[in-house]
Amino acid sequence: MNDTVARLHRTFNTGVTLPLAWRRKQLDSMERMLNENRKALEQAVYRDLGKPAPETALMEIKLVTNEIRFVGERLQRWTRRHPVMMPLLMQPSRGWTVAEPKGVVLVISPWNYPLMLSLEPMVDAIAAGNCVCLKPSELSPNTSGLLERLIGEYLDPRGFAVLQGAVPETTKLLRQPFDHIFYTGNGKVGSIVMEAAAKQLTPVTLELGGKSPVFVDASANLDVAAGRIAWGRFTNAGQTCVAPDYVLTTPELVEPLARKIAAFTRKFFGDNPAKSASYARIINTKQFDRLARLLPADGETFSGGETDREHLYIAPTVLINVRPDDPVMQEEIFGPILPILAVRNAAEAVAFINEREKPLALYVFTRSKTTRLLFERHTSSGALGFNLPLGHLLSSRLPFGGIGASGIGSYHGKAGFLEFSHVKTVTSKPTFPDTLRIAYPPYKRIVANKKRSRPSEPVIHDK
Ligand code: NAD
């Protein structure tokens, strides 16, 4: 581990990552890696998560290749000097900013989108000119193992390393010197990562989770809302960080909405989702047991609720009559369970959301402009989606990240490029005429123009 990280620092110090040609070559190679090994990657993710291949193709591989194209096309522009106007006092002089790579970046990724969440931060880090050490999740070993092999084969081995391991190895890794740490996962570990980073004053990006709410009002198109909520919640068996976690709606809409969402799950996965080739499984028994404990024992399940521990299967489940103090409302669900709670109106929904930690995403289904404005102005979340869950994840033009308990910093596209860059300020002043001399000591009293000076203006006094 020591040798590997030291090697990456040595590589970075040679300047090999600085030319855009090197960065482009790595990005092209990564795209080739994804295209040439598509089947193997889909199979690896399937073995880890039972994730259907088309879902991996769209939500993992395609998102990464889109990001590669997006940043590749803009790299030249983003790395240019940006001149700024210098104040009169400093004339004659010039100033500009330039984005420089931070150095060696550690990317720690989770298991739920094991390809996308490992490679997309890497794309942004490469675009910014960094070396990268990737620590993929030990909970998705098939994908993590394949990534290690492929990254070794396709990318410049001087600039990249994949280190496997669980908690003990990652704890040691966090003691190594890095120039930036990019962590995706749960908040508890997020604070462990930040504490370790603080010891070395290493900047961090924390992409965390939390409960992402949905509000549906009476003006919404209920059919569209139900379909989109069902898709957002039950894709990857609910193991998506920005999936709708719970729904707030007015009392008369609770049952009709629950019925429509349940109908959509049947459309998506048939009467028995356990037999559907489009429905994923829970990652492991630990997560399965945690989710099983969140299912109510008292028959309050509106639809779904079936479980099969041996095959890590939990049916797409809709719950109604849920109380805010029920276990399912105390933690991020991160599984195929969707509680629907009643609130009297939009204002009560806003109050409910604001009493809790700031979510990674918030979704509002409404046709009312007033309601849209109410949520936009009076709630805070990583992202806000009107009538569309998960949509912001799909665009490289939009920064992706959380706020408060849902994360620190953001990435994708330019936001990602900047996250892995230091924007350096550069100034340059000619040596002739040497106008700076007027600021040199010994100081002379500045004879203020009485008409123009105000009493609060600072005055340089004689020594
Ligand atoms: P996980 O268990 O795979 O952990 C993530 C990474 O942290 C892994 O690489 C793991 O090895 C490492 N890790 C675990 N414990 C550690 C410790 N004590 N010290 C150092 N490193 C440690 O994944 P997870 O945390 O279960 O992932 C699910 C969570 O991640 C959910 O809360 C979800 O919302 C969130 N998430 C957020 C995003 C986002 O983009 N914001 C994306 C996906 C998942």
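Starting from 1, residues in each chain are numbered consecutively following that chain's sequence as written. Only residues with pLDDT of at least 70 get local features here, since the model is predicted, and only at 80 or more are side-chain atom pairs given and counted; chain-wide, interface and lining totals rely on the full set of residues. Each side-chain value is derived from all of the structure's non-hydrogen atoms; neither hydrogens nor water enter the calculation.

Undergrad: Which residues make up the pattern of salt bridges, and what values do they have?
TA: For this document, the term salt bridge refers to a Lys or Arg side-chain nitrogen within 4 Å of an Asp or Glu carboxyl oxygen. If you walk through the whole model with that rule in mind, you get 17 salt bridges. When the shortest N-O distance is used, the salt bridge between Glu100 and Lys424 registers 2.8 Å. Taken together, the positions of Glu100 in strand S2 (residues 94-101) and Lys424 in strand S20 (residues 421-428) put the pair 324 residues apart, joining distant regions of the chain. Buried means the residue's accessible area, taken with a 1.4 Å probe over protein chains only, is under 20% of the maximum for its type, while exposed means over 50%, and partly exposed covers the values in between. For Lys424, a relative accessible area of 33% puts it in the partly exposed group. Its salt-bridge partner being Asp156, residue Arg158 comes within 2.6 Å of it at the nearest N-O pair. Secondary structure elements follow DSSP: runs of H or I no shorter than four residues count as helices, runs of E no shorter than two count as strands, and numbering proceeds from the N terminus.

Undergrad: Please give an account of the domain arrangement of the chain that cites residues and values.
TA: The domain limits used here are those given by an automatic or database domain assignment. Here the domain parsing of the chain yields domain 1 (2-208 + 411-423) and domain 2 (213-395). Any pair of residues with heavy atoms lying within 4.5 Å of one another is described as a contacting pair. Counting residues at the interface gives 15 residues for domain 1, matched by 19 residues for domain 2. Surface buried jointly by domain 1 and domain 2 totals about 1500 Å² across both partners, of which 63% is contributed by carbon and sulfur atoms. As used here, buried area is the combined drop in accessible area, with a 1.4 Å probe, of two parts when they are placed together. Contact with domain 2 buries area across many residues of domain 1, yet Leu49, Met59 and Trp111 alone supply 30% of it, more than any other trio. Linking domain 1 with domain 2 are zero salt bridges, by the criterion used here.

Undergrad: Got a sec to walk through the sheet that holds S2? Specific residues and values, please.
TA: Pairing between two strands requires that DSSP report at least two bridges joining them. Spatially, S1-S2-S20 is the arrangement adopted by the three strands of the open sheet, whose pairing is antiparallel. Only two strands of the sheet have a single partner each, and these edge strands are strand S1 (82-84) and S20. In this sheet, neighbouring strand axes are inclined to one another by 30° on average, regardless of whether the strands run parallel or antiparallel. Here an axis means a line fitted to C-alpha atoms, over the contact stretch when the element is a helix, while the angle between two N-to-C directions is reported on a 0 to 180 degree scale.

Undergrad: Help me get a handle on the site of the ligand, residues and values and all.
TA: Around the ligand, the structure places 27 residues, and the nearest of them are Ser137, Glu138, Asn186, Leu208 and Glu332. Within 3.5 Å is the distance limit for a polar contact, defined as a pair of N or O atoms, with the added protein rule that one can donate a hydrogen and the other accept it, and that residues adjacent in sequence qualify only through two side-chain atoms. A distance of 3.2 Å separates an oxygen atom of the ligand from a polar backbone atom of Gly185. Between the ligand and the protein, one listed contact pairs an oxygen atom with a side-chain N or O atom of Asn186 at 2.7 Å. Cavity means a closed set of points on a 1 Å grid over the protein atoms alone, one where a 1.4 Å probe fits but cannot get out, pocket means an open set with protein on both sides within 12 Å along at least 5 of 7 lines, and lining means a residue has an atom within 4 Å of a point. Here the criterion for a molecule occupying a pocket or cavity is that more than half of its atoms lie within 2 Å of the pocket grid points. Among the cavities detected, the one that contains the ligand is the largest pocket. Of all the elements in the fold, those that place two or more residues in the shell around the ligand are helix H7 (167-173), strand S6 (180-184) and helix H8 (187-199). For the shell around the ligand, the per-class residue count stands at 15 nonpolar, eight polar and four charged. It suffices for a single heavy atom of a residue to lie within 4 Å of a molecule or strand for the residue to be listed as near it. In this classification, the charged set is Asp, Glu, Lys and Arg, the nonpolar set is Ala, Val, Leu, Ile, Met, Phe, Trp, Tyr, Cys and Pro, and all remaining amino acids, among them Gly, are polar.

Undergrad: Explain unusual backbone geometry residue by residue, including any values.
TA: Of note, the bond from Gln91 into Pro92 is cis; its omega dihedral lies within 30 degrees of zero at -10°. Within the secondary structure layout, Pro92 lies in the loop between S1 and S2. In this structure, the amide linkage connecting Phe432 to the following residue, Pro433, adopts the cis form with an omega of -5°. The topology assignment puts Pro433 in the segment after S20. Residue Asn236 is not a glycine yet carries a positive backbone phi of 55°. Checked against the element boundaries, Asn236 lands in the loop between helix H9 (222-234) and strand S9 (246-249).

Undergrad: Could you give me a rundown of helix H2 (residues 20-36), with the residues and numbers involved?
TA: Taking 1.5 Å of rise per residue, 17 residues should cover 24 Å, and H2 covers 24 Å from first to last C-alpha, within 8% of that figure. Here H2 has its buried residues at Leu20, Trp22, Arg23, Gln26, Leu27, Ser29, Met30, Glu31, Met33 and Leu34. The span you would expect from a helix comes to 1.5 Å times its residue count less one.

Undergrad: Explain the nonpolar core to me, using residue names and the numbers behind them.
TA: Nonpolar cores are built from buried Ala, Val, Leu, Ile, Met, Phe, Trp, Tyr and Cys residues. Side-chain atoms within 4.5 Å join them into one set. Met30, Leu119, Ile151, Val216 and Ile261 are the most contacted members of the largest nonpolar core, which totals 112 residues. Each of domain 1 (2-208 + 411-423) and domain 2 (213-395) gives at least three residues to this core. Here Val216 is in contact with Leu222, Ala225, Ile229, Val247, Leu248, Thr249, Thr250, Leu253, Leu257 and Phe365, once residues within four sequence places are set aside.

Undergrad: Describe in detail a positive patch on the surface, supporting the description with residues and values.
TA: Together, Arg77, Arg80, Arg397 and Lys414 line one region of the surface with positive charge. Position of Arg80 among the secondary structure elements: in the loop between helix H4 (53-79) and S1. Patches in this entry comprise residues that are over 30% relatively accessible and not in a salt bridge; like charges within 9 Å are linked, as are nonpolar side chains (Val, Leu, Ile, Met, Phe, Trp, Tyr) within 5 Å. We get accessible surface area from the Shrake-Rupley algorithm with a probe of 1.4 Å; when it comes to residues, only the shown protein chains can shield them. When charges are tallied, Lys and Arg are placed among the positive residues and Asp and Glu among the negative ones, while His and the ends of the chain are skipped. Throughout, a charge is located at the NZ atom of Lys, the CZ atom of Arg, the CG atom of Asp or the CD atom of Glu.

Undergrad: I'd like a rundown of helix H3 (residues 38-49), residues and numbers included.
TA: With twelve residues, H3 should reach 16 Å at 1.5 Å per residue; the first-to-last C-alpha distance of 16 Å fits that figure. Of all the positions in H3, only Leu41, Glu42, Ala44, Val45, Asp48 and Leu49 are classed as buried. Viewed end-on, H3 has its buried residues packed into an arc of 160°, placing them on one side of the element. Residues of H3 that are exposed and point more than 90 degrees away from the buried face comprise Lys39, Tyr46 and Arg47. Tucked into the core, H3 has its buried residues touching H2, H4 and helix H6 (141-154). Once H3 ends, the next one or two residues include Gly50, with phi positive near 60°. What the arc covers is the set of directions going from the helix axis to the C-beta atoms.

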